[in-house]
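Tertiary structure, described
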Amino acid sequence: QVQLVESGGGLVQAGGSLRLSCAASGRDFSDDVMGWFRQAPGKEREFAAAITGGSGGATLYGDSAKGRFTISRDNAKNTVFLLINSLKPDDTAVYYCAASERLVSRPQTEYEYDYWGQGTQVTVFS
């Protein structure tokens, strides 16, 4: 069974930080492009961050994420992380991780990904 499971979400005060995890199983994701998206209630799903496969670790961030978000991965553990600093109430959303078996030309777009997790809720209060 191929599975992505997000964890680490919760209720956090504005200004704090949070590290989300995405545990992948069922196959080797070490060479996959991994992405994080988020979706707030009543909003479209929004790209947050992506990281290339292998050991290169090239990263890309969405406009709302750059400067505050850091994506990383531990291929030995088949896990990708998203560190969010300086949390804002606008960061409140369900955060999803995704994986693509192939190189993607537009990692910002959700249709480039093959696998998705169920999401983890992040709620930021002020």
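Check the entry above for the structure.
Residues numbered from 1 in each chain as written. Predicted model: local features only at pLDDT ≥ 70, side-chain atom pairs only at ≥ 80, totals over all residues. Heavy atoms only, no water.

1. So, the packing of aromatic side chains
Here is the rule: Think of it this way: a Phe, Tyr or Trp ring, Trp meaning its six-membered ring, pairs with another when their centres are within 6.5 Å, and the plane angle makes it stacked under 30 degrees, edge-to-face over 60, tilted otherwise. The buried label goes to any residue with under 20% of its type's maximum accessible area, the exposed label to any with over 50%, and the partly exposed label to all in between, with areas taken from a 1.4 Å probe on protein chains only. A ring has a charge above it when a Lys NZ or an Arg CZ is no more than 6 Å from the ring centre and no more than 35 degrees off the ring normal.
This structure, assessed with the given rule, holds 5 aromatic pairs. Geometrically, the ring pair formed by Y113 and W116 is edge-to-face, given 5.9 Å between the ring centres and 70° between the ring planes. Judged by its relative accessible area of 6%, Y113 is buried. The exposure class assigned to W116 is partly exposed, which follows from its relative accessible area of 26%. Put simply, the rings of F37, F47, Y113 and W116 pair up and form one aromatic cluster. For R27, the ring lying beneath its charged end belongs to F29, and the centroid distance is 4.8 Å. Directly above the aromatic system of W116 lies the positively charged group of R45, at a separation of 4.8 Å from the ring centroid.

2. Quick look at the state of the cysteines
Disulfides are covalent bonds that connect the sulfur atoms of two cysteines. Here is the rule: In what follows, a disulfide is any cysteine sulfur pair within 2.5 Å. Helix and strand assignments come from DSSP, with helices taken as H or I runs of at least 4 residues and strands as E runs of at least 2, each series counted from the N terminus.
In the structure shown here, the tally under the stated rule is 1 disulfide. Between the sulfur atoms of C22 and its disulfide mate C97 the distance is 1.9 Å. Looking down the S-S bond of the C22 and C97 bridge, the torsion is 55°, so its handedness is right-handed. Of this pair, C22 sits in strand β3 (residues 18–25) while C97 sits in strand β9 (residues 93–100), and the two are 75 residues apart along the sequence. Look at C22 and you get buried, because its relative accessible area is 0%.

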